[in-house]
Every structure is written in structure tokens, then in C-alpha cells.
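Examining the three-dimensional arrangement
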Amino acid sequence: MPAQEINKSVVLTHPSGATANVALYGATVTSWVAEGEERIFVSKKAIRDGSKAIRGGIPIVFPVFGTSEKVKLPQHGFARNNIWEYVGLITDNDEVVVRFALKDTQLTQQQRNSWPFSFRLSYTVALSEKSLKTTLVVKNEDIDTFEFNTLLHTYLLVPDVEKVSVKGLESCHYLDKVKGGEKFLESNDLVTIGSEVDRVYCNVPDHLSVNIGNGSVIDITKSNLRDTVVWNPWVEKAQALADFGDDEYPNMICVEAGSVAEWVKLAGGQSWTGGQVLTVV
Ligand SMILES: O=P(O)(O)OC[C@H]1O[C@H](O)[C@H](O)[C@@H](O)[C@@H]1O
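Values in this document were obtained by computation on a predicted structure and should not be read as measured data.

About the cut-offs
- For every chain, the first residue of the written sequence is number 1, and numbering continues from 1 along that sequence.
- Whole-chain, interface and lining totals are the exception, using all residues; otherwise, since this is a predicted model, local features are given only for residues with pLDDT of at least 70 and side-chain atom pairs are given and counted only at 80 or more.
- Helix and strand assignments follow DSSP, with helices taken as H or I runs no shorter than four residues and strands as E runs no shorter than two, numbered in order from the N terminus.
- Three exposure classes are used, based on other C-beta atoms lying within 10 Å of a residue's own C-beta, which is placed from the backbone: buried for 20 or more, exposed for 12 or fewer, and partly exposed in between.
- UniProt positions are given in the numbering used here, feature names are shortened, and annotations may be inferred rather than shown by experiment.
- Two residues qualify as being in contact provided that their C-beta atoms, derived from the backbone, are within 7 Å of each other.
- A molecule or strand has a residue near it when that residue's C-beta atom, placed from backbone coordinates, lies within 6 Å of it.
- Residues are grouped as follows: Ala, Val, Leu, Ile, Met, Phe, Trp, Tyr, Cys and Pro are nonpolar; Asp, Glu, Lys and Arg are charged; all remaining types, including Gly, are polar.
- To form a nonpolar core, buried Ala, Val, Leu, Ile, Met, Phe, Trp, Tyr and Cys residues must be joined through C-beta atoms within 7 Å.

With respect to the environment of lysine 265
- Structurally, the position occupied by lysine 265 is in strand β21 (residues 252-266).
- When the 12 C-beta atoms within 10 Å are taken as the criterion, lysine 265 is described as exposed.
- Along the primary structure lysine 265 and asparagine 188 are separated by 77 residues, whereas in three dimensions their C-alpha atoms are 32 Å apart.

Quick look at the structure:
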């Protein structure tokens, strides 16, 4: 079976042996195995009972990144902590493609009060031998325009974050959230991690590559997403996160394609599409 719903998750299996797992809770990708290796980090302390967003995988941030005066929603919005509908298997030719959906009518009353728009999110996960493609379509089913942020909060599994480098961010401006949101220009060809990092790189080229440090490289190609967030909580933040092991920060880096520095405006009746492809090279 190329796609099977088991235990509130959908398991994708590609003839090459690649697999992926998507929890209905948040439509969160929680595993991607390519060339026999797990590529996605999920914390051993992740809460999986649907009471909190999953710490790891690829949670979907929507309609707000962080918190905002404009929108009275919890950090990173509601997409990552609602149960999505499994629409089903779309195709299993060269790629195994499945789709999930979330509508305003599936939200809690409190969430609907805070974000009072009719919308439909459609999220497609496509697995091939070496790639995982995730595409989000936002449909404004209202008459009024709404504004949103969105981001694919991708946690990559790495053997040692201090040996990881991210290529493709040179010459981009970034907002450094560790330094109170101050703006800097990236002067390094390769971005490396040796302390807490929480940066919103703005207007980033669509192609980045992450050298995992063990000979493996993961390419990230984004589309219609302007920004990239790079995050590692390091020692103290890791200790402060209840659903993240104190010793786990060396094994992950978040490289998150999104549109977060500015709001995306979507007129009534219109759709917006954005996404990313992760490829093992
Ligand atoms: O703890 P969470 O709500 O999942 O957020 C985890 C992280 O997400 C993003 O990477 C933000 O830039 C960070 O500031 C935040 O700490």
C-alpha cells in the first residue's frame, strides 16, 4: 500500500524504500526516511496526545508566526494543533502523493473568534526516492481580504549541529530574535551554529543547501515563500522547553521556509500556493 492510515497518521511508502509519516494532528510530517536514513528530528519528549503541537517534524505555522498584536492566537497559530482531514491518496505513479485539509469549521469556537474568516487549507505531501515535497494551498472562502503568515517549521535531524552548515544565505538581511530583533546583513557564505540561533532571514533565494556534516547534504527549494528561519535553541532554551530533551539540541537544526517578515494579503475568493522540496543529494 503506498499510503495507509494507521493510528491517526498516514504512512507513505515509495517503491524505492523511502517512507514518510504524517500525523493528522497538525498534518505534521513526523518522519522522512530516504536512502535508509531518518532525515527528520522529533524530540523524544514530544507530546503526541493532541494537547500540544508536536515538537519536531514539519509543523505548519499558520496564520501567524510567533505572536502578533494583530491576531489574538497562540504562538504560530492554529494549523499545527488541530486535527486535519485526510483527503486521501492523490497519485502513486513516480511519487506517492497524499493530501490533507483544514477548514475554519474544524477550529474551536475560540480560534474562530480570534480569526473570523472562512478558509480552506490544503496540504499535499509528495514522496519520491530522494525528495519530500510539501505544498500548502490557502483558499480564502470569504468576501473580505485576509492576511496571514505561514511557515514550514522543518526540524532536520543532524549528528552534530556544530558540524552543520547552511549555504545560500549570504548577503541576506536577517532579524536576530536572540538580539531583540535587531537587523543584520549575513556576510558568511556558510552559516554555522555554535550558540543559540533564532534568525529570520528575509527575501532569501529559493535554493539553500544544508550540509548535515556526515557527508549528507539536504537541498531545500522553496516556492512562493520569501523568508527562511534558522533556529537552534542551544543549552538554556532547550532546558526551558518542557517537550524537548536537554541533551537534544546538538541533533537538530530548524531551517524553516516561510512568509513571515511581512503578511501575505489574500483577497476574498482567491488562492495562494507555497511550498518546499527537500532533497537528499
Ligand atoms: O516553541 P515553539 O512555539 O514551537 O517555537 C519554536 C521556535 O519557532 C521558530 O523557530 C521561532 O523563530 C522561535 O523563536 C521559536 O522558539
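Focus: the UniProt feature "binding site: substrate" (unreviewed entry) in the protein
- When the UniProt feature table is mapped onto this chain, "binding site: substrate" (unreviewed entry) is found at Arg55, Gln75 and Arg80. Maximum C-alpha separation among the annotated residues is 13.5 Å over a sequence range of 26 residues, consistent with a single clustered spot.
- In this structure, arginine 55 sits in the loop between β5 (37-38) and β6 (60-61).
- Looking at the secondary structure, you find arginine 80 in the loop between β6 and β7 (85-92).
- When sequence neighbours within four positions are dropped, the list of residues in contact with arginine 80 reads Gly26, Thr28, Ala53, Pro59, Ile60 and Val61.

Considering the site of the ligand
- Around the ligand lies a shell formed by Ala53, Gln75, His76, Lys177, Asp198, Val229, Trp231, Cys254 and Glu256.
- Per-class residue counts for the shell around the ligand are four nonpolar, two polar and three charged.

Quick word on the nonpolar core
- Residues Val125, Leu156, Val210, Val230, Met252, Ile253 and Val255 are the most contacted members of the largest nonpolar core, which totals 75 residues.
- Among the elements that line this core, the one with the most residues is β21, at seven residues.
- Apart from residues no more than four positions distant in its own chain, valine 125 is found in contact with Leu12, Ala20, Val22, Val29, Val98 and Thr134.

As for the environment of proline 2
- By secondary structure assignment, the location of proline 2 is in the segment before β1 (3-6).
- Since 17 C-beta atoms lie within 10 Å of it, proline 2 is described here as partly exposed.
- Considering only alpha carbons, one finds proline 2 and valine 96, 94 residues apart in sequence, at a separation of 6.4 Å.

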